[in-house]
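# Coordinates in review
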Amino acid sequence: MKFNTVIEGMTEELYIGDSLRLRQILLNILSNALKFTPEGGRIQFTIRQMSRGDKDAWLRFTVSDTGIGMSKVFSKASF
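Report follows, based on the coordinates. (Residues numbered from 1 in each chain as written. Predicted model: local features only at pLDDT ≥ 70, side-chain atom pairs only at ≥ 80, totals over all residues. Heavy atoms only, no water.)

### Observations regarding the sheet that holds strand S2 (residues 42-52)
Pairing between sheet strands relies on hydrogen bonds along the backbone, with the strands arranged either parallel or antiparallel. Taken in spatial order, the three strands line up as S1-S2-S3 in an open sheet, and their pairing is mixed. The strands lining the two open edges of the sheet, one partner per strand, are strand S1 (2-8) and strand S3 (57-65). Neighbour to neighbour, the strand axes of the sheet diverge by 10° on average, direction disregarded. Where S2 lies against S3, nine bridges are found, and the strand directions are antiparallel. Of the residues in S3, the one forming a bridge with Gln44 is Ser64. Contacts between helix H1 (residues 19-36) and the sheet are confined to S1, S2 and S3, with S3 contributing the most and set at about 20° to the helix. (Pairing = 2+ DSSP bridges. Helix = DSSP H or I, 4+ residues; strand = E, 2+ residues; numbered from the N terminus. Axes fitted to C-alpha atoms, helices over the stretch in contact; angles between N-to-C directions. Contact = heavy atoms within 4.5 Å.)

Pasting the structure below:
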């Protein structure tokens, strides 16, 4: 399996936020990607700074993989 991390547009070395919750969310999503991506598959984790203000920044975290995904019925019912 190939795992790739992409970091785009980050202007700071340190960001302040709820690191515990962010870590929980990202570990859950990444572990599911790892669990459901077959041998020889690919997982990409991207962190992108979308905008920056005087005292805040908007970051986008994206996980994409070649796993089995969710059915349309399940994804409509879940969100």
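### Things to note about the side chain of Thr46
Looking at where Thr46 falls in the secondary structure, it is placed in strand S2. A residue is classified by how much of its surface remains accessible, and Thr46, at 11% relative accessible area, is buried. For Thr46, the side chain forms a polar contact with the side chain of Gln44, separated by 3.2 Å. Here Thr46 is in contact with Val6, Glu8, Arg60, Phe61 and Thr62, once residues within four sequence places are set aside. (Buried < 20%, exposed > 50% of the residue type's maximum accessible area, 1.4 Å probe, protein only. Polar contact = N/O pair within 3.5 Å; in protein donor to acceptor, adjacent residues only side chain to side chain.)

### A word on the packing of aromatic side chains
Going through the model one piece at a time under the given rule, you end up with one aromatic pair. Between Phe45 and Phe61, the ring centres sit 6.4 Å apart and the planes meet at 15°, which makes this aromatic pair stacked. Here Phe45 is found in strand S2, whereas its partner Phe61 is found in strand S3, with 16 residues between them in sequence. On the basis of relative accessibility, which here comes to 10%, the residue Phe45 falls in the buried class. (Phe/Tyr/Trp six-rings, centres within 6.5 Å; stacked < 30°, edge-to-face > 60°.)

### Details of the pairing of S2
Looking along a regular strand, one sees the side chains alternate between the two faces of the sheet. The sheet contact formed by S1 and S2 spans seven bridges and is parallel. For Phe3, the partnering residue across the bridge sits in S2 and is Ile43. Handedness of the β-α-β unit built from S1, H1 and S2 comes out left-handed. Hairpin connection of S2 to S3: four residues between the antiparallel strands. (Right-handed = clockwise from strand over helix to strand, strands pointing away.)

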